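This is what each chain is made of:
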Amino acid sequence: MGMSVPKSCFGYPLSIFFIVVNEFCERFSYYGMRALLILYFQRFLGWNDNLGTAIYHTFVALCYLTPILGALIADSWLGKFKTIVSLSIVYTIGQVVIAVSSINDLTDFNHDGTPNNISVHVALSMIGLVLIALGTGGIKPCVSAFGGDQFEEGQEKQRNRFFSIFYLAINAGSLLSTIITPMLRVQVCGIHSKQACYPLAFGVPAALMAVSLIVFVIGSGMYKKVQPQGNIMSKVARCIGFAIKNRISHRSKKFPKREHWLDWASEKYDERLISQIKMVTRVMFLYIPLPMFWALFDQQGSRWTLQATTMSGKIGIIEIQPDQMQTVNAILIVVMVPIVDAVVYPLIAKCGLNFTSLKKMTVGMFLASMAFVAAAIVQVDIDKTLPVFPKGNEVQIKVLNIGNNSMTVSFPGTTVTCDQMSQTNGFLTFNVDNLSINISSTGTPVTPVTHNFESGHRHTLLVWAPSNYQVVKDGLNQKPEKGRNGIRFVNAFGESFGVTMDGEVYNNVSGHNASEYLFFSSGVKSFTINSPEISQQCEKQFKTSYLEFGSAFTYVISRKSDGCPEPKIFEDISPNTVSMALQIPQYFLLTCGEVVFSITGLEFSYSQAPSNMKSVLQAGWLLTVAVGNIIVLIVAGAGQFSEQWAEYVLFAALLLVVCIIFAIMARFYTYVNPAEIEAQFDEDDKEDDLEKSNPYAKLDFVSQTQM
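Residues numbered from 1 in each chain as written. Predicted model: local features only at pLDDT ≥ 70, side-chain atom pairs only at ≥ 80, totals over all residues. Heavy atoms only, no water.

Draft legend 1. Representation of the overall build of the chain. A count of helical and extended segments in the chain gives 17 helices and 23 strands. Referenced to the eigenvectors of the C-alpha coordinate spread, the extents of the chain come out at roughly 125 × 60 × 50 Å. Counting only residues that meet the buried cut, the chain has 49% of its 707 residues in that class. Approximately 33000 Å² of the chain is accessible, and the part contributed by carbon and sulfur atoms is 61%. Of the charged side chains in the chain, 52 are positive and 54 negative, and the gap between their average positions amounts to 5 Å. (Helix = DSSP H or I, 4+ residues; strand = E, 2+ residues; numbered from the N terminus. Buried < 20%, exposed > 50% of the residue type's maximum accessible area, 1.4 Å probe, protein only. Areas by Shrake-Rupley, 256 points an atom, 1.4 Å probe, with all protein chains shown as cover. Lys, Arg positive; Asp, Glu negative; His and termini not counted. Charge placed at Lys NZ, Arg CZ, Asp CG, Glu CD.)

Okay, structure coming up:
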């Protein structure tokens, strides 16, 4: 390859800009597709939550395991450039396949709006996902390492800045796509029947991936391309295997010790390879504690979003939904990366502190640990406001009087009186085994309540006359999920009626009975009561009170004196009171942790790797992310803590311990400059060629030093 002087711009190689734009498009494409997956699984393929979530997590883990494959192809066979191009093609095909799999009209032969042959769609989408996992994972380690390759010796500062810009591009891409893709989904399209436009929402990422590929190829002439050096990984594996075997066969005292266990390979392998492997194994050893950071980091998508569902989304005048809190992370990254790079690090350097890569990573882990302490504090705050639900053997009961007389109900150890159209203040808790309830009213005999109460549930006892009652199982034994509001209707009107509310339908609610709860997002909803019994003159349309987050209400529909329906509102679960703004400190801490941990990790992995194993170490770095994901799956599956804050504290404590271990390991790590070491070997090779003409000179020298 003729040495062409790389074109430069602001002291950076021009080729970098192509690589950054490529990464931005690729991440936009990936996160855009990922934001849709869970909804696509549930609504289009009709899978339940558990199956959808399992497949989703498997896919994410796969995307972090395939980098090993990509790195091997790049470092030993095709080189980074060709690997990126060929796997991007695979990736684009995968995106197109999944877009096609979401076209309803593909198998909808009778044009009724539902696919006739769902298994075709499932098969196609799985093929698409496997191709995408291969593509995105395979190019991940290569793109960052390829970017690092564009810099000359002595451009360390620019190279570090590049890794920051690169990380910024990743987050800008994911931020924009999480905002834009859901907007595309709500569009409607279709040839024969109109419905949510998945093909468009999957198609845009596919198109962007194609753009990303084209941008990358356009820059082709400017790149500095490092040649791959044969099958490096099998050489490494064989060398390590030989060293271990050789060490074991020479374990007796009479053999002199060697400085490093890999030196036992020196009989068969050259020193350059051994020193390169030493660099890699030293870094890999440092990586052992790192998955713990990612295990915490990845919970912002699951646990923290669930925490947001028990909070109130009113922040000043704006209102946000729980799953929008995740974008806080990406927004903060886009803000914090330049600040940390341009302000914080230079300040630390001015104070004369040597803030090395590993120190930065240690600080990052500490910050993430503190973020979980903050999350635990917020959780304790939320727990104070959460209603108490029945556990184990308990049942909870409230009395709702929908009749015209006041009623007295006696429970074990307590008696309550309910006036007409009123309810007891909150739920009463009893043991299911010795539960006897009696209803009476002035001057009437006592009626015992005979009902098989289900333990662990809330029940509502509807009464309307001394001898008339109905027990309804509420079915809500937690706050409504996703911060929505549960609403049910009780019929004190007489004839059965239906209710339509904000597009949801309650079918015939029979007399003196309650409907199931249906769930609505925040805001004022209007509802219509439909029944043939209601005369034309009556008002049939009503508005709810302002719904906030996580509440539940019972609307009792009674008959006014003129025979028209009239709703009365009773609160079952009070709305969330703790503001979602309280989550900002934990997001801030975690994001600061991510900035100093993750960008530094990318850059450290690149700078400490020998030239022929740059991608392999990037893949090793990504492997820590995959293992972190797996830890979460195991912990979440293994056991539910009775207290959520306790789980947060446990995670914080685990990461703190890991952080201390890592700090100790880092003290013993010596930084290397692979380029210098390799240059030194090149020098030695030249000297060796000279010595070949005089083989005894060196031997003589060695024997003298050993005497």
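Here the narrative resumes.
Draft legend 2. Structural view of the pattern of salt bridges. The full count for this structure, using the stated rule, is 15 salt bridges. In this structure, Glu 26 engages Arg 27 in a salt bridge whose closest nitrogen and oxygen atoms are separated by 2.8 Å. By the burial criterion, Glu 26 is buried, and Arg 27 matches it. The salt bridge partner of Asp 502 is Lys 525, with a shortest N-O separation of 3.9 Å. Of this pair, Asp 502 sits in the loop between β17 (497–501) and β18 (504–509) while Lys 525 sits in the loop between β19 (518–520) and β20 (526–530), and the two are 23 residues apart along the sequence. Residue Lys 525 is classed as buried on the basis of its relative accessible area, which comes to 9%. Beyond isolated ion pairs, a larger network of salt bridges with shared partners links Lys 398, Asp 474, Arg 488 and Asp 572. (Salt bridge = Lys/Arg side-chain N within 4 Å of Asp/Glu carboxyl O.)

Draft legend 3. Region of the structure containing the packing of helix α2 (residues 49–65) against helix α4 (residues 118–149). In contact at an axis separation of 7 Å, α2 and α4 are set at 30° when each is read in the N-to-C sense. Taken together, the axis directions place α2 and α4 in an arrangement best described as roughly parallel. The hand of the α2/α4 crossing is right-handed. When α2 is examined against α4, the residues Ile 55, Phe 59, Leu 62, Cys 63 and Tyr 64 are found in contact with a partner set consisting of Met 126, Leu 129, Ile 132, Ala 133, Thr 136, Gly 137 and Lys 140. Looking at side-chain class alone, the contact of α2 with α4 contains nine nonpolar, two polar and one charged residues. (Axes fitted to C-alpha atoms, helices over the stretch in contact; angles between N-to-C directions. Parallel < 35°, antiparallel > 145°, perpendicular 65-115°, else oblique. Left-handed = near helix turned anticlockwise from the far one by under 90°. Contact = heavy atoms within 4.5 Å. Nonpolar A, V, L, I, M, F, W, Y, C, P; charged D, E, K, R; others polar.)

Draft legend 4. Summary view of α2. In a regular helix each residue adds 1.5 Å, so 17 residues correspond to 24 Å; α2 covers 24 Å between its end C-alpha atoms and thus fits that length. All buried positions along α2 are accounted for by Gly 52, Tyr 56, Phe 59, Val 60, Ala 61, Cys 63 and Tyr 64. (Expected span 1.5 Å × (residues − 1).)

Draft legend 5. Local environment of the domain arrangement of the chain. Structurally, the chain comprises domain 1 (9–229), domain 2 (269–384 + 583–686) and domain 3 (392–571). The C-alpha centroid of domain 3 is placed 50 Å from the C-alpha centroid of domain 1. (Domains from an automatic or database assignment.)

Draft legend 6. Region of interest: the sheet that holds strand β12 (residues 438–440). The four strands lie next to each other as β9-β8-β12-β13, forming an open sheet whose pairing is antiparallel. Of all strands in the sheet, those bounded by a partner on one side alone are β9 (414–418) and β13 (447–448). Across five bridges, strand β8 (residues 407–411) lies against β9 in antiparallel orientation. Counterpart to Ser 410 in the pairing with β9 is Thr 415. (Pairing = 2+ DSSP bridges.)

Draft legend 7. Structural detail: a nonpolar patch on the surface. Taken together, Ile 331, Val 335, Ile 339, Val 343, Val 344 and Leu 347 make up a surface patch of nonpolar side chains, about 470 Å² in accessible area. Judged by relative accessible area, which is 43%, Ile 331 ranks as partly exposed. (Patch = residues over 30% accessible without salt bridge, like charges linked within 9 Å, V, L, I, M, F, W, Y side chains within 5 Å.)

Draft legend 8. The packing of aromatic side chains, seen in detail. Tallied over the entire structure, the rule returns 44 aromatic pairs. Ring geometry for Tyr 669 versus Tyr 671: centroids 5.5 Å apart, planes at 90°, classification edge-to-face. The class of Tyr 671 is partly exposed, set by a relative accessible area of 39%. Taken together, the aromatic side chains of Tyr 40, Phe 41, Phe 44, Trp 47, Tyr 198 and Phe 202 make up a single cluster linked through ring pairs. Between Lys 614 and the ring centre of Tyr 606, over which it is positioned, the NZ or CZ distance is 4.3 Å. (Phe/Tyr/Trp six-rings, centres within 6.5 Å; stacked < 30°, edge-to-face > 60°. Lys NZ or Arg CZ within 6 Å of the ring centre and 35° of its normal.)

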